[in-house]
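Understanding the architecture of this molecule
Listed here are the chains, written in short residue letters.
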Amino acid sequence: MIWKLFLTGIKSRLKDYLVLFSGLIVASMIFYMFLTIAINPSFISHDVNASTDYLNFTFAFGIVLLVLITFVYLINANSLLLSMRKHDYGMFMSLGAKSSRIGLLIFIETLITGILATIAGIVLGFGLTAIVSQLLITKLNLQITHFAVIYPPAIGWTLIFFIFMFFWGAIHNVRKLTHTPIISLLKEDQKPAKLGNHPIKLAVEAVLGLLLLAAGYHILGLPLNMFLLIIPGALITIVAGTYFIFDAACVGVINFLIRKRSLSYRRLRVFILGQLKFRLHDLTKILTIISLLFALALGAITVGLNFTTLKDLGKESIYYDNIVVSASPAVKTEVAKLHISTEQTYHYKENRKNLFLMRDELKKQPVKDKEAYLAGHEPKYKTVNLALSDLAKSDTHANNAFSSLLGTTKKIKLVSHSDWQNLPGKPHFLSLMLVKNFEQDYPTLLKIQQLQLKENPHYLNQFNESKPVFYQLISNFSGGFEFMGFFLGLAFLTMLASTLMFKVLSGAARDRIRYQMLYQIGAGRRVLSSAVKSELGTLFLLPAVLGILDVLFGLKLFRILLPNPYHHLWIPFTIFIVLYFIYYAITVKLYQKVVLPQEK
């Protein structure tokens with residue numbers, strides 16, 4: 001009998017269950033997708049070369065944040081599951097069903113729905129993770145070699161977390177329903193909504209919300225050495241401020257617009273404003289979460305795109321494109337493939353303590369270097385000649401820079417050509433090259449450095465200082481974060497759109513009555529369609545505006561990693577807004593199918 005009631009309940013509310021089930025699938029899928037990145041040690045250690053402590057904190061904070069977001073999302077989903085069946089449970093109990101049997105039915109429904117959604121989400125997560133990762137790797141030309149699509153530890157932790165959450169939700173639903181009077185279960189949908197319209201209360205909440213937001217944005221601008229305090233402080237103030245803005249400020253604005261009859265008493269504006277007023281009261285918590293998810297998603301994509309600036313920094317910070325000290329046939333073959341624009345060659349001899357160079361060669365071909373300076377808050381580099389008089393002076397910038405190119409710690413001595421000829425020892429050379437297009441010749445340049453290191457292990461110091469090797473390191477570091485930023489941005493976008501779509505569509509059946517009444521008293525379908533677009537557009541727009549503000553202030557946190565976090569800001573914003581608009585358009589279409597009368 002329990003199973004029959006369970007299947008009958010699903011069949012009678014199949015559309016609602018499909019919305020609920022799809023939302024749970026998306027939640028578990030995103031959770032799994034994040035964990036494949038966050039707890040994959042091979043990806044972190046090989047594809048993202050960064051400070052271990054910083055990465056551990058970043059991913060640990062990300063996991064905690066994801067758990068909290070998913071926790072809140074699942075609470076809302078669990079609440080919807082309960083509200084969908086309250087009337088049915090009340091009917092069963094009024095017909096004589098024992099509360100213990102109803103409790104078992106609730107427990108089974110909640111747990112089975114959650115487990116099936118989790119398994120489906122993980123399986124779909126395999127495919128989506130593979131598709132998204134390959135698209136990003138291909139489009140961004142990233143070198144990602146240690147990212148596992150099917151990662152058993154991520155599967156295990158996803159199952160553990162979601163099963164625990166649904167087990168807890170099932171127990172909570174049983175306790176709540178079995179302690180609720182039957183009459184309350186039967187009349188739940190008929191209870192009037194209570195709106196707090198006291199102007200003083202709304203004004204206090206609105207001002208408090210603005211002050212908390214301002215405080216949160218100020219905290220985000222604090223010095224980065226207070227990083228461990230910035231994150232929790234900003235999170236608390238921004239979340240609380242956003243909540244009060246939606247709960248009071250937006251409602252206050254709507255009340256003001258309703259009182260302006262010249263504005264509100266045109267077409268269906270009063271109806272739209274009334275709908276928004278009730279929705280904002282009902283969706284305050286959800287819109288707060290959406291705003292934060294919007295900021296996280298947009299921020300992740302923006303930061304991911306900006307990591308490309310590190311590659312440019314890697315090219316600009318070192319002057320010479322290539323260092324050659326070997327005359328082996330293999331190296332000569334690779335050098336011949338380069339499109340060389342400038343080449344400077346210096347000859348030297350050495351003994352146990354000193355390294356001797358010809359003064360005339362250095363005078364004719366000054367050694368160049370890059371000097372860093374700040375343009376505003378962005379690092380820039382200019383080319384300078386190393387002073388010949390300082391090359392042989394220990395602990396000068398010129399001496400240190402030239403010694404790194406030579407790969408030596410010996411004392412540099414500058415001598416005349418004749419004196420150099422008379423010195424004992426085998427002559428060596430150092431060739432410094434510039435190519436016409438670094439990125440075009442980069443694979444060959446890197447191969448030259450690797451060949452020289454293979455020929456001579458003592459070349460390690462010059463190898464590490466060479467531009468191709470440094471560019472490879474920066475590319476791996478930035479490429480890993482580009483991948484992670486885009487991947488997580490798309491994941492959070494999916495979750496926020498699913499959350500809002502999930503909440504709006506779950507109440508569409510009740511809203512249908514209002515739209516049908518308007519249609520029956522003469523409102524045309526086109527007018528009603530326009531009302532739906534305006535109403536849902538406002539619900540999508542409000543969290544987006546606050547989310548964009550959160551991102552604009554929150555990007556300051558990434559000054560520790562990026563030279564200019566605001567570089568080409570319009571690109572990620574445009575990409576994200578287009579994707580967000582697509583989700584809005586889909587929600588409008590699905591909502592209109594439910595609430596609007598069908599065309600004959």
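Keep in mind that what you see is a predicted model, and the values were worked out from it rather than measured. Think of each chain on its own: its residues are numbered from 1, step by step along the sequence as written. Per-residue local features of the predicted model are confined to residues with pLDDT of at least 70, and side-chain atom pairs are confined, for both listing and counting, to 80 or more; whole-chain, interface and lining totals are unaffected and use all residues. Remark: hydrogens and water are excluded; side-chain values derive from all non-hydrogen atoms of the structure.

Considerations on the overall build of the protein
- A run of DSSP states H or I qualifies as a helix once it reaches four residues; a run of E qualifies as a strand once it reaches two. Both are numbered from the N-terminal end. Scanning the protein for helices and strands turns up 23 helices and 7 strands.
- By the burial criterion, 48% of the 600 residues in the protein qualify as buried.
- The contact definition used throughout considers only heavy atoms, calling two residues in contact when any of these lie within 4.5 Å. Across the protein, contacts joining residues at least 24 apart in sequence account for 81% of those joining residues at least 6 apart.
- Every accessible area reported is derived by Shrake-Rupley at a probe size of 1.4 Å, with residue values counting cover from the shown protein chains alone. Accessible surface for the protein amounts to roughly 29,900 Å². Of this, 64% is attributable to carbon and sulfur atoms. A simple rule labels every residue: compare its accessible area, found with a 1.4 Å probe on the protein chains alone, to the largest value its type can have, and call it buried under 20%, exposed over 50%, or partly exposed in between.

A word on the packing of aromatic side chains
- Any two of the Phe, Tyr and Trp rings considered here, Trp counted by its six-membered ring, make a pair once their centres fall within 6.5 Å; the pair's planes then place it as stacked at under 30 degrees, edge-to-face at over 60, or tilted in between. Counted under the stated rule, the structure contains 16 aromatic pairs.
- Pairing phenylalanine 438 with tyrosine 442 gives two aromatic rings, centres 6.0 Å apart and planes at 45°, and the pair type is tilted. Within this pair, phenylalanine 438 and its partner tyrosine 442 are both found in helix H18 (residues 438–455), separated by 4 residues, close to a single helical turn. Each member of the pair, phenylalanine 438 as well as tyrosine 442, is classed as buried.
- Ring geometry for tyrosine 442 and tyrosine 471: centres 5.0 Å apart, planes at 70°, overall edge-to-face.

A closer look at the side chain of glutamate 205
- Note that glutamate 205 resides in helix H8 (residues 199–220).
- With residues up to four places along the chain from it excluded, the contact list for glutamate 205 reads Phe244, Asp247 and Ala248.

Re a nonpolar patch on the surface
- Patches were defined on residues exceeding 30% relative accessible area and lacking a salt bridge, with like-charge contacts within 9 Å and nonpolar side-chain contacts (Val, Leu, Ile, Met, Phe, Trp, Tyr) within 5 Å. Between Lys or Arg on one side and Asp or Glu on the other, a salt bridge is scored when a side-chain nitrogen of the former is within 4 Å of a carboxyl oxygen of the latter. A cluster of nonpolar side chains, namely Phe71, Ile75, Phe164 and Trp168, defines an oily patch on the protein surface of about 380 Å² accessible area.
- At the level of secondary structure, the elements contributing two or more residues to the nonpolar patch comprise helix H4 (52–94) and helix H6 (152–178).
- Note that phenylalanine 71 resides in helix H4.

A word on the sheet that holds strand S2 (residues 340–350)
- For two strands to be treated as a pair, DSSP must find no fewer than two bridges joining them. Pairing in this open sheet of 5 strands is mixed, and the strands run S1-S7-S2-S3-S6 from one edge to the other. Here the strands that pair on one side only, and so sit at the sheet edges, are strand S1 (322–324) and strand S6 (411–415). Sheet twist, expressed as the average angle between the axes of neighbouring strands with direction ignored, equals 30°.
- In this sheet, S6 lies alongside strand S3 (residues 354–358) in parallel orientation, the contact comprising 5 bridges. A fitted line through C-alpha atoms serves as each axis, taken over the contacting stretch for helices, and the angle formed by two N-to-C directions is quoted from 0 to 180°.

Topic: the confidence of the model for the protein
- Confidence in the prediction of the protein, expressed as mean pLDDT, is 77, and 72% of residues score 70 or more.
- The predictor rates its confidence in each residue with pLDDT, a number between 0 and 100. Confidence, expressed as mean pLDDT per element, reaches its minimum in the protein at helix H7 (residues 182–186) with 57 and its maximum at helix H13 (residues 329–335) with 92.

What about the side chain of glutamine 462?
- In this fold, glutamine 462 is placed in helix H19 (residues 460–465).
- With relative accessibility at 7%, the residue glutamine 462 sits in the buried group.
- There is a polar contact of 3.0 Å between the side chain of glutamine 462 and the backbone oxygen of leucine 405.
- Once residues lying within four places of it in the same chain are set aside, the contact partners of glutamine 462 are Ile323, Val325, Ser404, Leu405, Leu406, Gly407 and Leu430. Nitrogen and oxygen atoms within 3.5 Å of one another constitute a polar contact, given that in protein one can donate a hydrogen and the other can accept it, and given that sequence-neighbouring residues count only through two side-chain atoms.

Description of the environment of lysine 337
- Residue position: lysine 337 is located in the loop between H13 and S2.
- Every residue in contact with lysine 337, bar those within four places of it in the chain, is listed here: Asp441 and Thr444.

Some thoughts on the pairing of S2
- As paired elements, S2 and strand S7 (residues 428–435) share 8 bridges and run antiparallel to each other. Each bridged residue has a counterpart across the sheet, and for tyrosine 346 the counterpart in S7 is leucine 430.
- In this sheet, S3 lies alongside S2 in antiparallel orientation, the contact comprising 3 bridges. Directly across from lysine 349, in S3, lies its bridge partner phenylalanine 356.
- The antiparallel hairpin formed by S2 and S3 contains 3 residues in its connecting segment.

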